[in-house]
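Now for the letters of each chain:
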Amino acid sequence: MTSRNDATLKQFEQAIAETDDAKYELTLFVSGASGLSARAIANAKQLCELYLKGRYELSVVDLREDPGAVLSSRVLAAPTLIRSRPLPVRLLVGDLSSTARVLRALELPIADDAPA
Amino acid sequence: MSTPHVDAAAGAEPAALTLAETVARLAEAEDTLRAIGAGEVDAFVVSDGGTGRRVFTLSTADRTYRRFVESMRDGAATISSSGLILFANQRLAALLSSSVETLVGSPLAMFVAGGVPEWDMTHGPGGLGATVELDLVDSSGATVPVLAGASPLEGDGNDLTCVTFADLSVQKAQEREIARSEAQAERMVELQDAETALTEQATHDALTGLANRGLLFDRTNQALFHAKRSGLCTALLFVDLDEFKQVNDTRGHAAGDAVLQTVANRLAALLRPMDTVARIGGDEFVVLAPDIASELDAIHLSERIITELFRRPDRTADDDRFAASIGITVSGGGRGTADILLHEADTAMYQAKALGGGRAEVFDAALGRQIRERSAAQRMLQTALDESRISVHYQPILDLATGSVAGFEALARMTGRDGSIELPAAFIPVAEDSGLVVQLGAQVLAIACQQACGWPATGRGGHALTAAVNVSPRQFASGDLTMLLREMLEQTGMDPARLQLELTETAIVGLQPDVLEQLALIADLGVQIGLDDFGTGTASLTHLRRLPLTFVKLDQTFIAEIGTGTSEEGVVSAVVDLAANLGLRSIAEGVETSAQLARLRSLGCDQAQGYLFARPMPPGDVPAALARPAW
């Protein structure tokens, strides 16, 4: 499943015209409409808006309906967030509840107001 | 588990790039194990031994991997490709008289006498690889005999291995103890075997060369006699192919015979020399496994049989993979006779079939009783339906913004001939299993529509006062749910907008096109459709979007977590948000405390029901519930 916020997508497209090299492609793999999936999706959206506003593309893939998706990825467990751009590929398993851990694992730029 | 600080991105020189990459990968692996340990994972991807991968989903969000691993009777560890222990459970720590903290980060080889063997993981998926006997060395230097099995947890270039260790100390001690008396018995068995060889033709199945029923009975009784002295267990596994009749019907008896021979060969190849496999009729195979330590061994064997029969050795066609149902019975210390055990295994096999096939079930004495009780309960329900002894009670659903009653959930009750009132838990499972739920659902729907028409059309807040009726997947399968609804609405004159149907997630899993079609028709009637037990992960997100839903009911296990201070509490807010994002009204079930109510209000949950407000009430009490001031 590809879940895109249209407004965010427009912002993203605007931004990409300005700074192509700062584009982040993120995919969140979840398993069904579980509580953990819901939490991971909410956290991913919030973190992207906070730290990558206007220069990210976040897709959500549900392994329950697309088990084949794992063949082409390094996914071991769900939820897993994968950064496919910029290279190298980075991934983080879990519900993304620790902002610091997400920023470190995905090598995202750390803003001054990042919570510890 | 400690997670050392690793900054893979900063200050990486071009020459050190490979090292930086390695460090980043290691950090990822550590994070993964931390997430698993913290219960932040609800599904795993497991290599299926070469061709592909399977997604293994934990059924509920609160059953975390750690609880899963910690609840294992065996020791378990995750090993990196370089042989380091990345994760270990308490059981393994206990086996090694050590602590999890000490084990994590140490080479596994430190704890294995003679070094870690090359794991043979080619035999099958998910923990069903070949096992090997090892001696572990505990912290005092003493050796602990174990049976170790390994399975791959793949991530490209980052291969992890899951290894389990079953303690063999007790079995080894027992083996030594009984070795002497055993030797004599062995000689007797050998003599009997020699006799058996002479009567080969009388004791074997001509088609497969396996033992026949007579030989199986002899061997089973022999094993039971033996077990009376050894105290060991004897298992009988009743193996039945799930779709054999179809093979025979569609491809002819010659093809059927070939299938039976293939199955016979695969079964025989799996077993120990002392085991017996027999064909006792059609596609009915029975495995006798004498001298096993516990029921767990029999379960492991059944898993291997199911895997092996379903495997395609040469990947040529689908013709040679077979789904099988297995019934297991285990006799401890020689309990029972061959006759009794075979009957028990047969009963358990039917249970496995009833649960969908392709699985194994263990017989327990309660099961046989259950089956008898169930058919009695079914007759009782049928009579109650025929004699119109089904009634409906109503539980108020509160609008959290105003505190007024938004509607009621209709809950079935069965009145016994003696006037006693049975709750749904007593008859719904029987109704579902027997298909009587179609008839029951229709009666409840009719009663609820009739009675709801006697209520005011709108509640105190001026909104339509609704009646929510539960719908079983079976009612969709029966095909005429839409017609039934149309008739009910016509007969009673009820406003469709006041009727709500509650589906279970299982009703929409797999989402048959005709169910989707029926739901669209029902939505067209103006009837609201909602989902029960939302957030347990049974339904996929896309399914939810494709359905014409207007509300979801949060599973009460989530509500119970509110105020407990566990990490699960955060799930409630995430699930309420998810419902809102999908444009659905959220209804909390099982609200019992005012703290839960306050939290649900602050999270923006729309409606709630539960004992805090009111228990389900007979129809006569509904007017009073509507008249009382807001909660």
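Structure: see above.
Described in the following lines is the structure provided in the data block. (Residues numbered from 1 in each chain as written. Chains lettered and ligands numbered in written order. Predicted model: local features only at pLDDT ≥ 70, side-chain atom pairs only at ≥ 80, totals over all residues. Heavy atoms only, no water.)

1. Some details on the packing of aromatic side chains
All names here are of chain B. For the structure shown, the criterion picks out three aromatic pairs over all chains. Pairing Tyr-394 with Phe-408 gives two aromatic rings, centres 6.4 Å apart and planes at 85°, and the pair type is edge-to-face. Taken as a pair, Tyr-394 in strand β13 (residues 390-399) and Phe-408 in strand β14 (residues 405-415) lie far apart in primary sequence, 14 residues in all. Take Phe-408: its relative accessible area is 0%, and that puts it in the buried class. Measuring from ring centre to ring centre gives 5.1 Å for Tyr-394 and Trp-455, while their planes differ by 85°; the resulting arrangement is edge-to-face. One end of the pair, Tyr-394, is in strand β13; the other, Trp-455, is in the loop between α13 (437-452) and β16 (466-471), and 61 residues separate them in sequence. Judged on exposure class, the residue Tyr-394 and its partner Trp-455 are both buried. Aromatic ring contacts, followed pair by pair, group Tyr-394, Phe-408 and Trp-455 into a single cluster. Here the guanidinium or amino end of Arg-321 rests over the ring plane of Phe-310, the centre of that ring lying 4.1 Å away. (Phe/Tyr/Trp six-rings, centres within 6.5 Å; stacked < 30°, edge-to-face > 60°. Helix = DSSP H or I, 4+ residues; strand = E, 2+ residues; numbered from the N terminus. Buried < 20%, exposed > 50% of the residue type's maximum accessible area, 1.4 Å probe, protein only. Lys NZ or Arg CZ within 6 Å of the ring centre and 35° of its normal.)

2. So, the nonpolar core
Counting residues in each nonpolar core, the largest one holds 102 residues, and the members touching the most others are Leu-28 of chain A together with Leu-445, Leu-499, Phe-534 and Leu-600 of chain B. Ignoring anything within four residues of it in the chain, the contact list for Leu-499 of chain B reads Leu-445, Cys-449, Ala-467, Val-469, Leu-485, Leu-489, Met-494, Val-527 and Gln-528 of chain B. Among the nonpolar cores identified, the runner-up in size contains 30 residues, and Leu-237, Val-239, Phe-244 and Val-330 of chain B belong to it. (Core = buried A, V, L, I, M, F, W, Y, C linked by side-chain atoms within 4.5 Å. Contact = heavy atoms within 4.5 Å.)

3. Some words on the sheet that holds strand β5 (residues 90-93) of chain A
Residue and element names in this part refer to chain A. Strand order in this open sheet of four strands is β2-β1-β4-β5, and the pairing throughout is mixed. Two strands close off the open sheet at either side, each with one partner strand: β2 (56-62) and β5. The sheet shows a mean angle of 20° between the axes of neighbouring strands, direction not considered. As paired elements, strand β1 (residues 24-30) and β2 share seven bridges and run parallel to each other. Within the sheet, the bridge partner assigned to Phe-29 lies in β2 and is Val-61. The strands that helix α2 (residues 35-51) touches are β1 and β2; relative to β2, the one it contacts most, it runs at about 175°. (Pairing = 2+ DSSP bridges. Axes fitted to C-alpha atoms, helices over the stretch in contact; angles between N-to-C directions.)

4. Some details on the environment of Asp-291 of chain B
Examined against the element boundaries, Asp-291 of chain B turns out to sit in strand β10 (residues 284-292). Separated by 42 residues in sequence, Asp-291 of chain B and Gly-333 of chain B place their C-alpha atoms 9.5 Å apart.

5. Section: the pattern of salt bridges
It is possible for side chains of opposite charge to pair when their charged atoms get near one another. Inspection of the entire model under this criterion finds 17 salt bridges over all chains. Taken together, the shared-partner salt bridges in this structure form one network comprising Glu-409, Glu-502, Lys-553 and Glu-589 of chain B. (Salt bridge = Lys/Arg side-chain N within 4 Å of Asp/Glu carboxyl O.)

6. As for the environment of Leu-582 of chain B
Residue and element names in this part refer to chain B. Looking at the secondary structure, you find Leu-582 in the loop between α20 (569-581) and β20 (585-588). Each C-alpha atom of the pair Leu-582 and Leu-541 lies 9.3 Å from the other, and the pair is 41 residues apart in sequence. Look past the residues within four positions of Leu-582 in its chain and what remains in contact with it is Phe-534, Leu-544 and Arg-545.

7. Considering α13 of chain B
Residues and elements named next belong to chain B. The terminal C-alpha atoms of α13 lie 21 Å apart, and with 16 residues this matches the ideal 22 Å at 1.5 Å per residue to within 8%. Within α13, 12 of the 16 residues are buried, which leaves it mostly tucked inside the rest of the structure. What α13 keeps buried is the set Val-437, Leu-440, Gly-441, Ala-442, Gln-443, Val-444, Leu-445, Ala-446, Ile-447, Ala-448, Cys-449 and Ala-452. (Expected span 1.5 Å × (residues − 1).)

8. Focus: the side chain of Glu-40 of chain B
When you line up the elements, Glu-40 of chain B lands in the loop between α1 (17-37) and β1 (43-47). The exposure class of Glu-40 of chain B is buried, given its relative accessible area of 8%. When near neighbours in sequence (up to four residues on either side) are disregarded, Glu-40 of chain B contacts Leu-36, Ala-78, Pro-79, Gly-94, Asp-95, Leu-96 and Ser-97 of chain A together with Arg-34 and Ala-35 of chain B.

9. A few points about the packing of helix α8 (residues 244-270) of chain B against helix α9 (residues 295-310) of chain B
All names here are of chain B. Contact geometry for α8 and α9: axes closest at 10 Å, N-to-C directions at 140°. On the basis of the axis angle, α8 is oblique to α9. For the crossing formed where α8 meets α9, the hand is right-handed. Where α8 approaches α9, its residues Val-263, Arg-266, Leu-267 and Leu-270 are matched on the opposing element by Arg-304, Ile-305, Glu-308 and Leu-309. The residue inventory of the contact of α8 with α9, partitioned by class, reads five nonpolar, no polar and three charged. (Parallel < 35°, antiparallel > 145°, perpendicular 65-115°, else oblique. Left-handed = near helix turned anticlockwise from the far one by under 90°. Nonpolar A, V, L, I, M, F, W, Y, C, P; charged D, E, K, R; others polar.)

10. What about helix α15 (residues 481-492) of chain B?
Structural remark: α-helix, 3.6 residues per turn; residues separated by three or four positions point the same way. All names here are of chain B. Look at α15: 16 Å from first C-alpha to last across 12 residues, which is about the 16 Å you get at 1.5 Å a residue. Within α15, the full set of buried residues consists of Leu-481, Thr-482, Leu-484, Leu-485, Met-488 and Leu-489. Buried residues of α15 fall within an arc of 160° about the axis and therefore sit on the same side. Opposite the buried face of α15, at more than 90 degrees from it, the exposed residues are Glu-490 and Gln-491. (Arc of directions from axis to C-beta.)

11. Things to note about the side chain of Ser-230 of chain B
Residues and elements named next belong to chain B. Locating Ser-230 in the fold gives a position in helix α7 (residues 213-230). Exposure remark for Ser-230: the relative accessible area of 13% places this residue in the buried category. Here the side chain of Ser-230 touches Leu-232 through a polar contact of 3.1 Å, landing on its backbone nitrogen. (Polar contact = N/O pair within 3.5 Å; in protein donor to acceptor, adjacent residues only side chain to side chain.)

12. As for the sheet that holds strand β9 (residues 276-281) of chain B
Residue and element names in this part refer to chain B. Pairing in this open sheet of five strands is mixed, and the strands run β9-β10-β8-β11-β12 from one edge to the other. Here the strands that pair on one side only, and so sit at the sheet edges, are β9 and β12 (360-362). When strand polarity is set aside, the average angle formed by the axes of neighbouring strands in this sheet is 20°. Pairing between strand β8 (residues 233-241) and β10: seven bridges, direction antiparallel. Note that in β10 the partner of Leu-237 across the bridge is Val-287.

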